[in-house]
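# Overview (structure and organization)
Each chain, letter by letter, is given below.
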Amino acid sequence: AFAVSVVSEGAEDETELPVLQNSEKSRTISKIGRELKGIVFVIQSQSNSFHSKRAEDLKRDILKQAADLGKELPTVLLIHQIDRHEGAWTILPLMTDFSVTYGRNSSWIFFCEEDTRIQVIKLVETLRRFDKSKEWFLGKALYDEESTIIHHYAFAENPSVFKFPDFAAGWALSIPLVNKLAKKLKSEPLKSDFTIDLKHEIALYIWQKGEGPHLTPVPEFCTDDVNSYKVDHCATTFSNFLPLCGEPVNKEDVFVAVKTCRKFHGDRIPVVKQTWEREAALIEYYSDYADISIPTIDLGIPNTDRGHCGKTFAILERFLNHTSPRTPWLVVVDDDTLISIFRLRKLLSCYDPNEPVFLGERYGYGLGTGGYSYITGGGGMVFSRAAVQKLLASKCRCYSMDAPDDMVLGMCFSGLGIPITHSPLFHQARPMDYPKEYLSHQIPVSFHKHWNIDPVKVYFTWLAPNTEESSNGKKVGYNREDL
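Residues numbered from 1 in each chain as written. Predicted model: local features only at pLDDT ≥ 70, side-chain atom pairs only at ≥ 80, totals over all residues. Heavy atoms only, no water.

## So, the pairing of strand E13 (residues 282–287)
Sheet analysis places strand E12 (residues 254–259) next to E13, joined by five bridges and oriented parallel. By the bridge assignment, Val256 is partnered in E13 with Ile283. With helix H8 (residues 269–274) bridging E12 and its parallel neighbour E13, the resulting β-α-β unit is right-handed. Taken together, the three bridges between E13 and strand E14 (residues 296–298) define a ladder with parallel strand orientation. Bridging from a neighbouring strand, Tyr286 pairs with Ile297 of E14. (Pairing = 2+ DSSP bridges. Helix = DSSP H or I, 4+ residues; strand = E, 2+ residues; numbered from the N terminus. Right-handed = clockwise from strand over helix to strand, strands pointing away.)

Quick look at the structure:
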């Protein structure tokens, strides 16, 4: 009102309105810059060259947006560079360090994935709505529609009551909550146990059986694609795509090993043959019995009820010694794994097979107290030839024939200093074991298990090449809502 009255007095004063507006804008930008400096960004990065580059690109983008707002730059951390902890990716072991380093001068720790895209000004404006002196756990809420094995059937009576964050949208902890978690960790060290679904387990730890805060849903934390018409209100978006770095690798560059046994030849192998076998140029079935109708190869390893470590190491030896040295990739799957070799070939275009690559869905064991990460076998384990060579050149082997093969491999690669590489596109369980909202921004590579599902239907709905975008932009196949 003041500016308008001045302008009415004379033409020579007409410049005062924009001057006042520019001054206000300058103060606003300065305030945003100061608030931004109070946010510590933590990117869930990985040391593999493809992933570390993507994380560095995101870091540069955050810092560029910050620089455009003024001189105050926030801290941006890359998880894979915090190498004091084998389990840094599980976040909780870092809380003590976060509290000591940022507990006095920061307001928020904001976590995101390498493909999360951030509108820095909107993020600051969103966090401003929450009192930074209080304990806040913010994110885009996911929930289970039915209790699931990957969450140990938690909240079985009504699983939808418990919310956990979709990491792809980003999530935030206020510093008072970080300090509280650090204090708790000091008096109650993390159990030496499994890490299966980190986002759910972190939410459980923070919730503390009802004594801690629940996740507060934040609508500005989004997983819509950056080009979507829906994203005007979003502080974060997510790149919803299957990575492709040039041409997909050739069919002949991927050797597929299927682990099976005689008792499953009649029911599981026909599913493979009806679904994804046709996508594989090089495929062998390894069993405890040679059946020429499939055909299967008897590796001379007796079947074990669990573990299969002996069988898996025999497969690795066979790959190294009996396949063309020009075949750079090995995929080891169970006979009840549903996989898209078509999509995997696209994904593998982003990785250098001359590096030791061990790729799949990452789990952890005992990471609160050291421990190791591993690729869980059911979703498929992908090895570069270089990784197999380094592994077999070492002395690391199964401690028993029925030891869990995926965990032994994790121990071996950890001992060799070769990090495992995580992709959320591999899945140890069935589609209905994951929230629909979580799968909605994925183009999955695999699922696992045939329990209480029609596996052929699941394959053609979620994984078959013809479920890619058709020419008219509609999905071809079954309705995912049915599954």
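Back to the text.
## Quick word on the state of the cysteines
Taken as a whole and judged by the stated rule, the model has four disulfides. The disulfide that involves Cys222 links it to Cys234, with 2.1 Å between the sulfurs. As the torsion about the S-S bond is roughly -95°, the Cys222-Cys234 disulfide counts as left-handed. Of the two residues, Cys222 sits in the loop between strand E10 (216–217) and strand E11 (236–238) while Cys234 sits in the loop between E10 and E11, which places them twelve residues apart along the sequence. For the pair formed by Cys222 and Cys234, the shared burial category is buried. The disulfide partner of Cys245 is Cys350, and the S-S distance across this bridge is 2.1 Å. In this structure, the disulfide formed by Cys245 and Cys350 twists by about 90° around the S-S bond and is classed as right-handed. Taken together, the positions of Cys245 in the loop between E11 and E12 and Cys350 in the loop between helix H10 (341–348) and strand E17 (358–360) put the pair 105 residues apart, joining distant regions of the chain. Relative accessible area serves as the criterion here: at 9%, Cys350 is assigned to the buried category. (Disulfide = S-S within 2.5 Å. Buried < 20%, exposed > 50% of the residue type's maximum accessible area, 1.4 Å probe, protein only.)

## Looking at the packing of aromatic side chains
Aromatic ring pairs are described here by two measures, namely the spacing of the ring centres and the angle between the planes. Overall, the coordinates contain 23 aromatic pairs when judged by the stated rule. Judged by centre distance (4.8 Å) and plane angle (20°), the ring pair of Phe358 and Phe383 falls under stacked. On the criterion of sequence distance, the pair formed by Phe358 in strand E17 and Phe383 in strand E20 (residues 381–384) is long-range, its members being 25 residues apart. Judged by its relative accessible area of 0%, Phe358 falls in the buried class. Exposure remark for Phe383: the relative accessible area of 0% places this residue in the buried category. With centroids separated by 5.9 Å and ring planes inclined at 50°, the aromatic side chains of Tyr365 and Tyr372 adopt a geometry described as tilted. With relative accessibility at 30%, the residue Tyr365 sits in the partly exposed group. The exposure class assigned to Tyr372 is buried, which follows from its relative accessible area of 11%. Three or more aromatic residues link up through ring pairs in this structure, and these residues are Phe98, Tyr102, Phe111, Phe137, Phe167 and Trp171. (Phe/Tyr/Trp six-rings, centres within 6.5 Å; stacked < 30°, edge-to-face > 60°.)

## Notes on empty space enclosed by the protein
The final tally for this structure, using the stated rule, is one cavity of 30 Å³ or more. Taken as a whole, the largest cavity holds about 730 Å³ of empty space. Lining the largest cavity are 38 residues, with Glu113, His422, Ser423, Pro424 and Tyr438 positioned closest to its centre. Mapped by element, the contributors of at least two residues to the lining of the largest cavity are helix H3 (49–69), helix H7 (198–207) and strand E18 (362–365). No other element matches the three residues that H3 contributes to the lining of the largest cavity. (1 Å grid on protein atoms, 1.4 Å probe; cavity = no way out; pocket = protein on both sides within 12 Å on 5 of 7 lines; lining within 4 Å. Points joined across faces, edges and corners; volume = space filled by probe spheres on them.)

## Here we look at a nonpolar patch on the surface
On the surface, Ile149, Tyr153 and Trp451 cluster together to form a nonpolar patch covering roughly 310 Å² of accessible area. If you trace the backbone, Trp451 turns up in the loop between strand E22 (446–448) and helix H14 (455–462). Judged by its relative accessible area of 41%, Trp451 falls in the partly exposed class. (Patch = residues over 30% accessible without salt bridge, like charges linked within 9 Å, V, L, I, M, F, W, Y side chains within 5 Å. Areas by Shrake-Rupley, 256 points an atom, 1.4 Å probe, with all protein chains shown as cover. Salt bridge = Lys/Arg side-chain N within 4 Å of Asp/Glu carboxyl O.)

## Observations concerning the nonpolar core
The biggest cluster of nonpolar side chains holds 85 residues, and the ones touching the most others in it are Met95, Phe98, Leu173 and Leu344. Here this core spans two domains, and each of domain 1 (34–238) and domain 2 (251–465) adds at least three residues to it. When neighbours within four sequence positions are excluded, Leu173 is seen to be in contact with Met95, Ser107, Trp108, Ile109, Phe111, Trp136, Phe137, Val178, Leu181 and Ile206. Judged by nonpolar contacts, the second largest core, of 27 residues, contains Phe41, Ala66, Leu138 and Phe221. (Core = buried A, V, L, I, M, F, W, Y, C linked by side-chain atoms within 4.5 Å. Domains from an automatic or database assignment. Contact = heavy atoms within 4.5 Å.)

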